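Structural description and commentary
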Amino acid sequence: MTSTREKIRQLAPHWAVMFLLMMAVLTLVERVVGSVGFVPSVALVVAVAAAYPFVVRALGVAPPVWQRS
């Protein structure tokens, strides 16, 4: 069993990267499309958050707590 402190240590860099990726996607969409509303922004953030773990696993850089048994 992994301790909470160890899980946070493993996930913190990925949370930071995911946050930066979300900001980059929102900025790119705003520059290409123009101002977007709240709901589309939330949808983009949820899409990035949902896709990120799958992409990281596929690239083989997922933290051990995200590895599937």
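Reference entry: report on the structure contained in this document. (Residues numbered from 1 in each chain as written. Predicted model: local features only at pLDDT ≥ 70, side-chain atom pairs only at ≥ 80, totals over all residues. Heavy atoms only, no water.)

Because each turn of an α-helix spans 3.6 residues, side chains separated by three or four positions end up pointing in the same direction. Over its 22 residues, helix α2 (residues 38-59) runs 31 Å from end to end, which matches the ideal 32 Å to within 8%, given 1.5 Å per residue. Most pronounced at Y52, the bend in α2 amounts to some 30°, and the proline P53 follows within four residues. Taken as a whole, α2 has its buried residues at S41, V48, Y52, P53 and V56. Note on α2: the residue one or two positions beyond its end, G60, has a positive phi of about 80°. (Helix = DSSP H or I, 4+ residues; strand = E, 2+ residues; numbered from the N terminus. Expected span 1.5 Å × (residues − 1). Bend = angle between axes of the 7 residues up to and from the residue. Buried < 20%, exposed > 50% of the residue type's maximum accessible area, 1.4 Å probe, protein only.)

Looking at where Q10 falls in the secondary structure, it is placed in helix α1 (residues 4-33). Taking the relative accessible area as the measure of exposure, Q10 reaches 11% and is therefore buried. Excluding residues within four positions of it along the chain, Q10 makes contact with T2, P63, P64 and V65. (Contact = heavy atoms within 4.5 Å.)

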